[in-house]
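Listed here are the chains, written in short residue letters.
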Amino acid sequence: MFSKLLIANRGEIAVRIIRACQEMGIATVAIYSDADADSLHVALADAAARIGPPPPAESYLAADKIIQVALDHGCEAIHPGYGFLSENATFADAVAASGLTFVGPSAAAMRSLGSKTAARSLMQAAGVPVVPGYQASQDAADLAAAADAVGYPLLVKATAGGGGKGMRSVHARTELLPALESARREAMNAFGDDRIYLEKQIERPHHIEFQVFGDHFGHAVHLFERECSVQRRHQKIVEETPSPLLDGGLRRRMGEAAVEAVKAAGYTNAGTLEFLVDAQRNFYFLEMNTRLQVEHPITELVTGVDLVKLQLRVAAGEPLPFVQADLRQRGHAIECRIYAEDPANQFLPAIGKVLLAVEPVGPGVRVDAGVTTGDEVTLHYDPMLAKLIVLGENRPDAIGKMRWALSHYVVLGDVITNIPFLNDVLAHPRFVSGDTTTDFVDRDLAGWQPAAGAAPDLALAAAAIADLLAAPAAAGEKSVTDGDRFSPWNRAGAFRLGGQ
Amino acid sequence: MFSKLLIANRGEIAVRIIRACQEMGIATVAIYSDADADSLHVALADAAARIGPPPPAESYLAADKIIQVALDHGCEAIHPGYGFLSENATFADAVAASGLTFVGPSAAAMRSLGSKTAARSLMQAAGVPVVPGYQASQDAADLAAAADAVGYPLLVKATAGGGGKGMRSVHARTELLPALESARREAMNAFGDDRIYLEKQIERPHHIEFQVFGDHFGHAVHLFERECSVQRRHQKIVEETPSPLLDGGLRRRMGEAAVEAVKAAGYTNAGTLEFLVDAQRNFYFLEMNTRLQVEHPITELVTGVDLVKLQLRVAAGEPLPFVQADLRQRGHAIECRIYAEDPANQFLPAIGKVLLAVEPVGPGVRVDAGVTTGDEVTLHYDPMLAKLIVLGENRPDAIGKMRWALSHYVVLGDVITNIPFLNDVLAHPRFVSGDTTTDFVDRDLAGWQPAAGAAPDLALAAAAIADLLAAPAAAGEKSVTDGDRFSPWNRAGAFRLGGQ
Amino acid sequence: MTVREFQYQTGDEVRTVLVEAQGDQFVVRIGDNVLHLSARLAANGRLDLELDGRRLRAYIARSDARRYVSLAGNTWTLQPPDPRRLRRHEANDGGSLTATMPGRVLDVLVAAGDQVQKGDTLVLLEAMKMELRIQAPAAGQVARVLCAAGEVVERGQLLVELAKP
Amino acid sequence: MTVREFQYQTGDEVRTVLVEAQGDQFVVRIGDNVLHLSARLAANGRLDLELDGRRLRAYIARSDARRYVSLAGNTWTLQPPDPRRLRRHEANDGGSLTATMPGRVLDVLVAAGDQVQKGDTLVLLEAMKMELRIQAPAAGQVARVLCAAGEVVERGQLLVELAKP
């Protein structure tokens, strides 16, 4: 096993990896941009190195600098987390070339499976159904012609993409060119690669993905599915496993297809095959993520496997410690992504200081947080504060536990969060019945507004009592009776601002 | 299901039950003594009622008052937790007589199985081996004669006992009478019942217990074992499951014996059969605890069953939702009891204010805490602050996780904790090899002293920097140079007390 | 008994709260509503309340100007009752385009005097690797451009003013 | 640069700590040891330290008189350097019996002037439902009894003084 490892990431996933390393006795080196000098992942690591200014291209995407830091600190491996450099084959090559271990698949496997377009070709060859699309050319005229052939509505997607970045939904030919341009710019900015491709939009699908794992001895398994149909802006916000849609037969067929694909490609380490499943339970391969997923914890909870530790073990050359038959799902897990964003305003990101974060604590409740009390949410990165994950005995139990946990998750400050929205998602009849498709949020929660409205009297009373307790009447302050309430004396309250 | 429930307990178990109720939508009523008015279980409940002054007899053992509070608040059930009234059949009868549901076994089953002596008789009749002993008389002369027959060393135990209270180890005849007297006084004080009995001391046994559960439809299952051999003052401090001692065959035989006993007695709800297992893997029934155990979470983590919720469901008349074949152990769970006590001074209780408690947070780490930042540990009750519980993929993984968690559990204040001791237990070769018998702490950790000793320079530096940051030089304070360091000006530090 | 007065703005309303304290018992008057509460400040910003036998846990945080209250899973931000603030909000009529998220101005595609059609993109904003188009809500003429490429803008900040056609 | 001086007692030693601060950089001198640290106070009493490229997380709590430090899983209590305190500790010679835990005195079984044998129980203490016997460490005569049944005593409080025989 490695004795020292660099984490080429930030936020909750860096924290998650650092903790796994600490348990395994692996020393950790964190990296940070100027925006993150005081953040949690930096505080928890054994050592930390500044990489550069806030923009990702100059910090968390600065491959050469990051590798140099790893070498300078005597690291033996680099864990890329998700996002940033995690699916960058050039980076994986450079890591290997510098004599370090990249915790993930080989660059070759990454190229053949990680590229959305190459993976589609590979799957088609292996007989796995794929979503109809076009990926032959980057030329605008070719793309326009192909779009007509595929038919609208369709999706413009970034070849190097993930997390909904560089993705645009196009409903008519007139929208195509602006969508191509905007998607390319966003893709270049996020991944340093502006290639795009087209994909037909499947009508109201479920988004269901399979976790796979391969080792260096030719063994591969899947760790079952994750249902990720609750999305906004093409990005998952609630995930669960098992999927309420799959039955044993479909689960087995999809899992076997996933394992076959992984074995055919000689894929090692953790990966995820995303599928769309339509109303007739046809499944279509969508893309492969050649890295750890954000939503990996729900798989950990129902399978009992620590995926980050397994990544490290497999990267260090250990064989998978189980075969497919050893694995089974137990209980029901749900993850909610706690974002700094405003669900009442197109889910646009919010920024500000987190003055107080109180994470829920209880049996079966797990919080993977990257941001906590005192931290600043800035413009520069993904606005996810934390992942709230629960394991229940079954789906209703897990929903009850998640609603409890959401109601007990306190985030105070100028930063707006999606917690009240998530609570309404969990309470929605379509979610409760397990009948969510990827258009659920757009269709059924359009125009969502927080129920809270103006502060009720009890909240005002609480604020006033807290203000009073924070600044009790000064020793010299004149005592005033009820009748005197408008005397200037009792206007010296801690929160007396402005006039009436 | 109940709509409102009273929790006749305090501390972490009251908190645990309140949280389960909140998830299930059951309103909660807490009770408290004057010593607990500001404690966590009171803060979390939907309503709370003062019962009386701190002594248990006037508060948490005041059965009539507690039942009256439950009636006044419109409760439908009472959960007794563990300790206090949880194994008091008279209380269970009184609860039932007042029209409320007692969350636990019937008073009849409690009498036949909960009494240590009645249970021994019942087990003997059912062919389950019991530890040789004497329980025929309370007369001192009879007991002395019986002690000679059983042979020394032996144990004096309280008939109503539990948690090591009212228990004395007697190595020679001269020690018997003082031990009887003292055990009786402690038993009377703790349980309101001063009856005692004698039991032969099995040489260096493992203490292994089985979790059982019965419903009102004649179904009963076991939820596997808990290895509880790490004890001090006859009280468990570290528990784990699976037991490193049991193999599949012994586990099955013990589990079947446990289920048979439960079925024979018509036992309902949660219970635990404690066994001693000697070096030859003979097992002897020791006693039955007719309630939830402190260490129930490790069973929850490896079986995926929420025992508190199951208690509530079974008490409300629901059938067990599984059969024996559905249950299996997955992973390895360990619990450490975090006590306010001084392991370097006979594990004697410590008191004081917890100025800061920071519980470890991470995947597979669970903290069931009853005491947290700002709480006062008083003289009056059991000095357990919290239970630290981890679930690992296997035993070495769980040990690594527990050591990580112990190292990240911060408790600051005058209150001394056993955390450094627990860390040394987990690191001990006998624990690591799974070879702990009930004399482990006394034999292998006798004379334990904390490694910490006097504060190292880095700790002093941290204190000084914190003091400086807490009280930076006042605006009017004269700036002094290095050469002036002994000028009175820079002696105005926040922590300047006394002279040299 | 000492009475303290506090004022908070929530939504568009300014509310006056009068508090009398006696030990851990409080009488709070808000308009005609009189609440008899017991309250105790615990660690970590938690305020334990009891009202008519019902216990509640509030969490309170404070910045210089604002109060943040969490109660039963909901969160409210209380503003200081600043009349200028109120007026500024009201000034946001349909002819002005404000930043709907905090971010960096990627590009300004119009200049003062330009004629624009409904749906035309006026400004491109970016934050957290996400791009957002600020589009014209109706046809009109650009009266003023109040931002420049590269500038960091706050949520609600005025970016472009349109003159009605 | 401003230098501040702090004194802490740990174990039996009083240590003097000199701290120079410049922003988040600190030079700490303890005896001959000079530490160059960067430090930042985070939420919840956490102090993030960096020393020679190694990052450490300390937690600090303070009462009126004491400082409590947690570092790498260990905890230390720092006392104020009070010379009277030191003397009182030293006065605890073998002839005095102190409470080994805080608790309530259940019973006092001896009176001043009594002859006792080694192992005789002098006082019964009780706390958290646990009973503890305070026994004579050697034969001798009871010089003074300093507690009474029902009294609540602190850990370390003198209960009985024995005169050496």
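Note: the structure precedes this text.
In this text the structure is predicted, and so the values were computed from the model without any measurement.

### Description of the packing of aromatic side chains
- Under the definition given, this model contains 20 aromatic pairs over all chains.
- Geometrically, the ring pair formed by Phe275 of chain B and Phe283 of chain B is edge-to-face, given 5.4 Å between the ring centres and 85° between the ring planes. Comparing Phe275 of chain B with Phe283 of chain B shows no difference in burial state: the two are buried.
- Aromatic rings pair up to connect Phe210, Phe275, Phe283 and Phe285 of chain A into one cluster.
- Sitting over the face of the ring of Phe431 of chain A, Arg395 of chain A holds its NZ or CZ atom 4.8 Å from the ring centroid.

### Topic: the side chain of Ser39 of chain A
Residue and element names in this part refer to chain A.
- Mapping Ser39 onto the fold places it in the loop between β2 (27–33) and α2 (40–44).
- Judged by its relative accessible area of 13%, Ser39 is buried.
- For Ser39, the side chain forms a polar contact with the main-chain oxygen of Asp36, separated by 2.8 Å.

### Regarding unusual backbone geometry
- Residue Pro153 of chain A follows Tyr152 of chain A across a cis peptide bond; omega there is -5°.
- Relative to the helices and strands, Pro153 of chain A resides in the loop between α7 (140–150) and β7 (154–158).
- Backbone torsion omega between Thr241 of chain B and Pro242 of chain B reads 0°, so that peptide bond is classified as cis.
- Its location among the elements puts Pro242 of chain B in the loop between β12 (235–241) and α9 (248–265).
- A positive phi angle, near 45°, is found at Phe84 of chain A, a position not held by glycine.
- Along the chain, Phe84 of chain A falls in the loop between β4 (77–79) and α4 (89–97).
- Positive phi is not limited to glycine here, since Asn44 of chain D has a value of about 65°.

### A look at the interface of chain B and chain A
- At the junction of the two partners, chain B supplies 26 residues and chain A supplies 26 residues.
- In this assembly, chain B packs against chain A so that about 2300 Å² is buried in total across both faces, 43% of it on carbon and sulfur atoms.
- There are six salt bridges connecting chain B and chain A.
- Across the contact surface, chain B and chain A share 16 residue pairs in polar contact (both at pLDDT 80 or more).
- Elements that contribute at least two residues to the side of chain B that touches chain A include exactly α1 (11–24), α10 (296–303), α11 (307–315), β19 (365–369) and α12 (395–407) of chain B.
- A per-class count over the side of chain B that touches chain A returns seven nonpolar, six polar and 13 charged.

### Let's talk about the pattern of salt bridges
Residues and elements named next belong to chain A.
- A complete count under the given rule lists 94 salt bridges over all chains for this structure.
- Across the pair Glu209 and Lys236 runs a salt bridge whose closest N-O atoms are separated by 2.8 Å. Taken as a pair, Glu209 in strand β10 (residues 206–214) and Lys236 in strand β12 (residues 235–241) lie far apart in primary sequence, 27 residues in all. For the pair Glu209 and Lys236, one class covers both residues: buried.
- Across the pair Glu295 and Arg337 runs a salt bridge whose closest N-O atoms are separated by 2.9 Å. Placement of the pair is Glu295 in the loop between β14 (283–289) and α10 (296–303) and Arg337 in strand β15 (residues 332–339), with a sequence separation of 42 residues. When sorted by exposure, Glu295 lands in the same class as Arg337, which is buried.
- By sharing partners, the salt bridges in this structure join Glu209, Arg226, Lys236, Glu239, Glu274, Glu295, Glu335 and Arg337 into a single network.

### Details of the relation of the copies chain B and chain A
- Mapping chain B onto chain A calls for a rotation angle of 180° and an axial translation of 0.0 Å; the resulting RMSD is 0.0 Å. Taken together, the rotation angle and the small translation identify this as a two-fold axis.

### Regarding the pairing of strand β7 (residues 67–71) of chain C
Residues and elements named next belong to chain C.
- Counted residue by residue, β7 has five buried out of five residues, so it is predominantly covered.
- Inspection of the sheet shows strand β6 (residues 54–62) paired to β7 by five bridges, in the antiparallel sense. By the bridge assignment for β7, Ile60 is matched with Val69.
- Here β6 folds back onto β7 in antiparallel fashion, the turn holding four residues.
- Alignment of β7 against strand β8 (residues 74–78), held across five bridges, turns out to be antiparallel. Each bridged residue has a counterpart across the sheet, and for Leu71 the counterpart in β8 is Asn74.

Definitions and limits used
Starting afresh in each chain, residues are numbered from 1 along the sequence in its written order. Chains carry letters from A onward and ligands carry numbers from 1 onward, assigned in written order. Only residues with pLDDT of 70 or above have their local features reported here, since the model is predicted, and side-chain atom pairs are shown and tallied only from 80 upward, although totals for entire chains, interfaces and linings are computed over all residues. By convention in this description, side-chain values take in all heavy atoms of the structure and omit both hydrogens and water. Centres within 6.5 Å are what make two rings of Phe, Tyr or Trp a pair, Trp counting through its six-membered ring; a difference in plane orientation under 30 degrees is then read as stacked, over 60 as edge-to-face, and the rest as tilted. Note on exposure labels: buried denotes an accessible area under 20% of the residue type's maximum, exposed denotes more than 50%, and partly exposed covers the range between, all computed with a 1.4 Å probe on protein chains only. Lysine and arginine charges are scored as sitting over a ring when NZ or CZ, respectively, is within 6 Å of the ring centre and within 35 degrees of the ring normal. Each helix is a run of DSSP H or I of at least 4 residues and each strand a run of E of at least 2, with the numbering of both proceeding from the N terminus. Two N or O atoms count as a polar contact when they lie within 3.5 Å, although within protein this holds only if one can serve as hydrogen donor and the other as acceptor, and sequence-adjacent residues are included solely when both atoms are side-chain atoms. The contact criterion used throughout is that any non-hydrogen atoms of two residues lie within 4.5 Å. By convention, the term buried area covers the 1.4 Å-probe accessible surface removed from two parts as they join, with the contributions of both added. Any carboxyl oxygen of Asp or Glu within 4 Å of a side-chain nitrogen of Lys or Arg constitutes a salt bridge here. Throughout this entry, Asp, Glu, Lys and Arg are counted as charged residues, while Ala, Val, Leu, Ile, Met, Phe, Trp, Tyr, Cys and Pro are counted as nonpolar. The remaining residues, Gly among them, count as polar. The atoms used to superpose the copies are C-alpha atoms, taken from residues with pLDDT of at least 70 in both, and the fit is least squares. Criterion used throughout: strands pair if DSSP finds at least two bridges between them.

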